[in-house]
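# Per-entry structural report
The chain contents come next:
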Amino acid sequence: MQFFLDSALVDEIKYALDAFNIDGITTNPRHVQVSGKPFLTVIREIAKLVEGTEKTVSVEVNPHFMTYEEMVPEAEKLAAISPNFVIKLQCVEPAFKAMEALAKKEIRVNCTLVFSAMQALQAMRSGAYYISPFIGWKESNGEDVQGFIDDIVTIRDNYGFNSEIIVAAVRNARQIVDAALMGADIVTAGLSVYQEGFQHPFTQEGIRKFTQFWDKTPYE
Ligand code: E4P
């Protein structure tokens, strides 16, 4: 399973690339705003970090753009900036036609803001490269997310669609493991979600105990 970092903070991305070799990056308008930099500046900086690799950077088209005519030229403009870019389009009806047109031009699309298996199915039919079901939002709303991921993975496999599934809006390690168990291809989460998941209190306890034994034993 691939781990993507959900961030537009250059230092965080550099750290996660170095410390645990993240496989890709996803950004959204909130992350870009948090970076404090203009959109094009920050996505160019992120592109530099993965230049010459296969790692993808998902960059989102202006969310005001709700028509095919607005989405396609903007997606083309962004895709021309870096071969690592995958263009995020919101999961709305005009985006499906845009995905088809962009796929024909070999521009990869990440269909974002996916909240139902039906939306995912149509995005797959339209040639989306990535499908991003947002599980955190659903779980906070009391909805079942395991079944949701399972449905999307099953549909993809039943018909041999090429889309990869990025489980997004992930809040904790349990959700990452659930996504892995359901056979999702990728998970995207913030740095702290991964770091918290890599830790365990028993690991700390073990280190404390073994250090005491070590300190009482000669090395040679
Ligand atoms: C995914 O691509 C999105 O950027 C992301 O996971 C959004 O989730 P959040 O803003 O609820 O954390």
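Below is a short write-up of the structure. (Residues numbered from 1 in each chain as written. Predicted model: local features only at pLDDT ≥ 70, side-chain atom pairs only at ≥ 80, totals over all residues. Heavy atoms only, no water.)

### Focus on the overall build of the protein
Looking only at helices and strands, the protein features 11 helices and 8 strands. Overall, the C-alpha framework of the protein stretches about 75 × 40 × 30 Å when taken along its three principal axes. Relative to its full complement of 220 residues, the protein shows a buried share of 46%. Within the protein, contacts between residues at least 6 apart in sequence are counted, and of these 58% link residues at least 24 apart. Carbon and sulfur atoms make up 54% of the accessible area of the protein, which totals about 11,700 Å². Here the protein contributes 20 positive and 29 negative side-chain charges, whose respective centroids are spaced 3 Å apart. (Helix = DSSP H or I, 4+ residues; strand = E, 2+ residues; numbered from the N terminus. Buried < 20%, exposed > 50% of the residue type's maximum accessible area, 1.4 Å probe, protein only. Contact = heavy atoms within 4.5 Å. Areas by Shrake-Rupley, 256 points an atom, 1.4 Å probe, with all protein chains shown as cover. Lys, Arg positive; Asp, Glu negative; His and termini not counted. Charge placed at Lys NZ, Arg CZ, Asp CG, Glu CD.)

### Brief notes about the sheet that holds strand β5 (residues 109–114)
The strand order β1-β2-β3-β4-β5-β6-β7-β8 describes a closed barrel built from 8 strands, whose pairing is parallel. Here the average twist between neighbouring strands, direction ignored, is 25°. Set on the sheet, helix α8 (residues 146–159) makes contact with β5, β6 (130–133) and β7 (164–170); between it and β7 the angle comes to about 165°. (Pairing = 2+ DSSP bridges. Axes fitted to C-alpha atoms, helices over the stretch in contact; angles between N-to-C directions.)

### Considering the pairing of β7
Where burial is concerned, most of β7 is hidden: 6 out of the 7 residues are buried. The sheet contact formed by β6 and β7 spans 2 bridges and is parallel. The residue bridging I131 from the neighbouring strand is I165, located in β7. Bridge count for β7 against strand β8 (residues 186–189) is 3 bridges, and the pairing is parallel. Residue pairing for β8: I166 is matched across the bridge by I186.

### Quick word on the site of the ligand
In the neighbourhood of the ligand, the contacting residues comprise D6, T26, N28, R30, H31, K88, F134, W137, A168, A169, R171 and T188. Side-chain polar atom of R30 to an oxygen atom of the ligand: 3.0 Å apart, as the coordinates give it. For the ligand, the protein covers 92% of the area, taking 340 Å² as the surface of the free molecule. When the residues that make up the shell around the ligand are grouped by side-chain class, the tally is 4 nonpolar, 4 polar and 4 charged. (Near = heavy atom within 4 Å. Polar contact = N/O pair within 3.5 Å; in protein donor to acceptor, adjacent residues only side chain to side chain. Nonpolar A, V, L, I, M, F, W, Y, C, P; charged D, E, K, R; others polar.)

### Here we look at the pattern of salt bridges
Applying the stated criterion across every chain, the model contains 11 salt bridges. A salt bridge links K105 to E76, with the shortest nitrogen-to-oxygen separation between them at 2.5 Å. One end of the pair, K105, is in the loop between α5 (93–104) and β5; the other, E76, is in helix α4 (residues 68–79), with 29 residues separating them in the sequence. One salt bridge in this structure joins D178 and R174, with 2.9 Å as the shortest N-O distance. Placement of the pair is D178 and R174 together in helix α9 (residues 173–181), with a separation of 4 residues, close to one helical turn. (Salt bridge = Lys/Arg side-chain N within 4 Å of Asp/Glu carboxyl O.)

### Quick notes on the packing of helix α1 (residues 10–20) against helix α10 (residues 191–198)
Running from N to C, α1 and α10 cross one another at 30°; their axes reach a closest spacing of 11 Å. As the angle between them shows, α1 and α10 are arranged roughly parallel. As α1 runs across α10, the sense of the crossing is left-handed. Contact residues: α1 offers E12, Y15, A16 and F20, while α10 offers L191, Y194, Q195 and F198. (Parallel < 35°, antiparallel > 145°, perpendicular 65-115°, else oblique. Left-handed = near helix turned anticlockwise from the far one by under 90°.)

### Some words on α1
Turning to α1, its buried residues number three or more, namely V10, I13, A16, L17 and F20. Taken end-on, α1 shows its buried residues confined to a sector of 150°, consistent with a single buried face. When the buried face of α1 is taken as reference, the exposed residues oriented beyond 90 degrees from it are D11 and D18. In this structure, the buried residues of α1 make contact with β1 (2–6), β2 (24–26), α3 (39–50) and α10. (Arc of directions from axis to C-beta.)

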